[in-house]
Amino acid sequence: MTIVWTNILFSIIAFGILYFLLSKFAFSKLFGIMEKRREMVLQQMDEAAKTREQAVAYVEEQKQALQQARQDAQAIIQQSQVTSNNQVDKLLDQAKAEATRLKDEAVRDIESEKNKAVEALRSELGTASVRIASKLLEKEVKADGEQEQLVDQYLKEVGGRP
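As the structure is a prediction and not an experimental result, all values here were calculated from the model.

Here we look at the overall build of the protein
Move 1: Broken down by element type, the protein carries two helices and zero strands.
Move 2: Buried positions account for 1% of the 162 residues belonging to the protein.
Move 3: Accessible surface, the protein: about 15000 Å² in total, of which carbon and sulfur atoms supply 61%.

What follows is the structure, encoded as structure tokens:
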């Protein structure tokens, strides 16, 4: 095999002309398109990074909002528990006060009825005592006239009778 130098020379010259023509007409446009594409890809990457950062910030904001909502809900639950406990305590205090009032009123009523019964018993006892005494005195007075005068005199003094 022999090397044909003329073919190599023609190939080099043809390659040089082709390179010159491509660089004058095609490479600048091709490199311009490639540069625009590179800038567009970089811009899209920047936008994607910004969007990712915004998404992360939004997720964090939502987490904080959810946490705040949970805290608010917990505070509301605690407040309602405190309020219901206060109402229960208030109702218990009112019920105790009402029970005490009713008990005191019942004790007063019982005491009043007891006093009335004692007075009635005393009255009846006094009446019965007077009857018994008068029967005894009648017997004794009938036996002796002097005693009748003493009894009349005593009754006049005590009873204020004329």
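So, the packing of aromatic side chains
Move 1: In total, this model carries two aromatic pairs according to the counting rule given.
Move 2: Each ring, one from F27 and one from F31, has its centre 5.8 Å from the other, and the planes form 25°; the classification is stacked. Here F31 and F27 lie together in helix α1 (residues 5-143), a separation of four residues that amounts to about one turn.
Move 3: Of the residues examined, F31 reaches a relative accessible area of 52% and is grouped as exposed.
Move 4: Taken together, the ring pairs in this structure connect Y19, F27 and F31 into an aromatic cluster.

Examining a nonpolar patch on the surface
Move 1: Among the surface-exposed residues, L9, I13, I17, F20, L21 and F25 lie close enough to one another that they form a single nonpolar patch of about 610 Å² accessible area.
Move 2: Following the sequence through the fold, I13 ends up in helix α1.

Re the pattern of salt bridges
Opposite charge on two side chains permits pairing when their charged atoms draw close.
Move 1: In the structure shown here, the tally under the stated rule is five salt bridges.
Move 2: Measuring nitrogen to oxygen at the nearest pair gives 2.4 Å for the salt bridge that ties R101 to E98. Linking R101 with E98, this pair stays in helix α1, spanning three residues, or about one helical turn.
Move 3: A salt bridge links K116 to E113; the shortest N-O distance between them is 3.9 Å. Note that K116 and E113 are positioned in helix α1 at a spacing of three residues, about one turn of the helix.
Move 4: Assessed through its relative accessible area of 53%, K116 is described here as exposed.

Basis of the calculations
- Every chain begins its residue count from 1, and numbering advances along the sequence as written.
- In view of the model being predicted, local features appear only for residues whose pLDDT reaches at least 70, and side-chain atom pairs are presented and counted only at 80 or more, with totals across whole chains, interfaces and linings using the full set of residues.
- Excluded from the side-chain calculation are hydrogens and water; included are all heavy atoms of the structure.
- Secondary structure follows DSSP: runs of H or I at least 4 residues long count as helices, runs of E at least 2 residues long count as strands, and numbering of each begins at the N terminus.
- Classification of residues uses two cut-offs on accessible area relative to the type maximum, computed with a 1.4 Å probe and protein chains only: under 20% is buried, over 50% is exposed, and between them is partly exposed.
- Note on areas: these come from Shrake-Rupley sampling with a 1.4 Å probe, and a residue is covered only by the protein chains present in the view.
- Pairing of aromatic side chains here covers Phe, Tyr and the six-membered ring of Trp, requires ring centres within 6.5 Å, and sorts the geometry by plane angle: under 30 degrees stacked, over 60 edge-to-face, intermediate tilted.
- Each patch is assembled from residues with relative accessible area greater than 30% and no salt bridge, linking like charges that lie within 9 Å and nonpolar side chains (Val, Leu, Ile, Met, Phe, Trp, Tyr) that lie within 5 Å.
- When a carboxyl oxygen of Asp or Glu lies within 4 Å of a side-chain nitrogen of Lys or Arg, that pair is called a salt bridge.

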